[in-house]
Amino acid sequence: MNHHAEKIIRMLLPAIIMIPIAICIILATRISLLENRIAGREAVEALGTRESRLVQLSWYDENVYPALEAGEEPAFVSDFAGADLAEYIPEADVTFENVIATAEGLNYASDTASDGIHRVYLTFDDGPSIYTDDILDILAEYNVKATFFVVGRENTASYARYLRIVEEGHTLGMHSYSHVYSDIYASPEAFAEDTQRIRTLLEDVTGQTPIFYRFPGGSSNDVSATDMNVLADYLESQGIIYFDWNVSSGDAGKVPLTSEQIVRNALSGIETRDTTVILLHDAASKKSTVYALPQIIETLQSMDNVEILPITTDTAVIQHDIGM
Ligand code: ZN
C-alpha cells in the first residue's frame, strides 16, 4: 500500500468509526420515542371503557394522590347528572367581588377582532389529573373544544390523558414541566431547561410539537427571580406563543370556591369582550371546577354571537402587562 493511500485511510478512520455510532444513537433515540408513543397508545386503549378507567383512576388515587379522602369515588359525568349540587359545594367565604377586584389589578392586551363574535377560550391549567377524563367527557358531551396547559407527569395514566386531549381535537399547551416556581424561575437557563423538558415529553407522547405556553402564575407573576421579559423573549425565540387569561374562574384560590361561584366568575363580562380567555384548573383538588363546567358551557352556548373555541394560531393573543 502506498503512503498516500494509507494517509487517506487514517484521516477517514475516525469518520468510519463515528458514523455507525452516531446511527446507533439516533436509532436508540427513535426507538425510545416510539416505545413511549406505543405505551401512550396502549394506555389509551386500556382506558377505552368506563369500567377500566375507574380501575385506573382508583389506582391513581391510591398511588398518586394519597391525600384524597378515603372512600371518595372518582367523579364521572353521570355521578352528578341529576344529583343535588349543593351536597358537593364546599364551604367558602371568598366572594365574586374579591376575585374581580384582584383581576382588575391586571392590564390586558386590547381586543382586535370586530366581527361581532365573542370568542371564548376555556383553558385548563395544571393537568393531567384524576379529573382530566371527566373534563374531556363533559367537553365531548357538549361538542366543545378547549385548551389544556399541562405539566410533566411521567406515568401511563398521564400519557393516556395527553394523548386523549390531542386525539379529541383540543389544544395541548405547556405549563412548565415541574411547576415549581423557585426552580423554573431561578434563571433563564433553568427556565429553558424546564421548557425543553416538557416540550420533549409532549412530543414523545403525542408526536406533535406543542407551541403554546402558559407561565405558572401568569406572565405578570411577582414571584419570578428572573425578569419575565427575558423569559418571554426566550419563548418567542423558540417559536412558542404564551397566553395569559383575562377572566379568572377563581378556582385556584387558597379558599375553595363553590361551583356556583366558579360559574359566576367564569361568565363575567363575556359580552363586553371580543376575546375571553378563561382560567380554569384540571387538578385533583379542583372537583368544583368539574361540577361547574356543564353550566358554564350551557350558558355560553345559550348566548347570542358567542363561540367556544380551542386556542390556535388564529386566536387573538391575550397577555398580561409584564412591566419593565
Ligand atoms: Zn398552574
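Quick notes on the rules
- Residues numbered from 1 in each chain as written.
- Predicted model: local features only at pLDDT ≥ 70, side-chain atom pairs only at ≥ 80, totals over all residues.
- Heavy atoms only, no water.
- Buried < 20%, exposed > 50% of the residue type's maximum accessible area, 1.4 Å probe, protein only.
- Helix = DSSP H or I, 4+ residues; strand = E, 2+ residues; numbered from the N terminus.
- Pairing = 2+ DSSP bridges.
- Right-handed = clockwise from strand over helix to strand, strands pointing away.
- Axes fitted to C-alpha atoms, helices over the stretch in contact; angles between N-to-C directions.
- Parallel < 35°, antiparallel > 145°, perpendicular 65-115°, else oblique.
- Left-handed = near helix turned anticlockwise from the far one by under 90°.
- Contact = heavy atoms within 4.5 Å.
- Nonpolar A, V, L, I, M, F, W, Y, C, P; charged D, E, K, R; others polar.
- pLDDT = per-residue confidence, 0-100.
- Donors = N, O, S within 2.8 Å, 3.2 Å for Na, K, Ca; no water.

Novice: Looking at this structure, how should I read the pairing of strand 3 (residues 171-174)?
Specialist: Two faces belong to every sheet, and in a regular strand the side chains alternate between them. Residues Thr 171 and Gly 173 point to one face of strand 3 and Leu 172 and Met 174 to the other, with burial holding for every one of them. Pairing analysis gives four bridges linking strand 2 (residues 147-150) to strand 3, with the strands arranged parallel. Paired with Thr 147 across the bridge in strand 3 is Thr 171. Running through helix 6 (residues 156-167), the crossover from strand 2 to the neighbouring parallel element strand 3 is right-handed.

Novice: I would appreciate a short explanation of the pairing of strand 7 (residues 275-281) in the present structure.
Specialist: The buried fraction of strand 7 amounts to seven of the seven residues, a majority that puts the element mostly inside the structure. Residues of strand 7 alternate between two faces, with Thr 275, Val 277, Leu 279 and His 281 on one and Thr 276, Ile 278 and Leu 280 on the opposite face, all of them buried. Bridge count for strand 1 (residues 118-125) against strand 7 is seven bridges, and the pairing is parallel. Bridge pairing links Leu 122 to Ile 278 in strand 7.

Novice: It is not clear to me how the packing of helix 10 (residues 259-266) against helix 11 (residues 287-302) should be interpreted in this structure. Could you clarify?
Specialist: Two elements in contact, helix 10 and helix 11, have axes whose closest approach is 8 Å; the angle formed by their N-to-C orientations is 50°. With respect to their mutual orientation, helix 10 and helix 11 come out oblique. Read as a crossing pair, helix 10 and helix 11 show a hand that is right-handed. Facing helix 10, whose interface residues are Ser 259, Ile 262, Val 263 and Ala 266, helix 11 presents Ser 288, Thr 289, Tyr 291, Ala 292, Gln 295 and Ile 296. For the contact of helix 10 with helix 11, the per-class residue count stands at six nonpolar, four polar and no charged.

Novice: Got a minute to help me understand the confidence of the model for the protein in this structure?
Specialist: Averaged over the protein, the pLDDT score is 80; the fraction of residues at 70 or greater is 75%. Scored below 50 in pLDDT, residues 48-113 makes 111 contacts in the model with residues more than four places away or belonging to other chains.

Novice: Looking at this structure, I do not really get the coordination of the zinc ion. What am I missing?
Specialist: Octahedral metals with six donors have ideal donor angles of 90 or 180 degrees. Tetrahedral metals with four donors have an ideal donor angle of 109.5 degrees. Taken together, Asp 126 (OD), His 175 (NE2) and His 179 (NE2) make up the full set of protein donors to the zinc ion, lying 2.1 Å away. Mapped onto the polypeptide sequence, the residues donating to the zinc ion form the spacing pattern D-x48-H-x3-H. Highlighted residues: Asp 126 in the loop between strand 1 and helix 5 (132-141) and His 175 in the loop between strand 3 and helix 7 (181-184), separated in sequence by 49 residues. Given a relative accessible area of 18%, Asp 126 falls into the buried group. When its relative accessible area of 2% is taken as the criterion, His 175 is described as buried.

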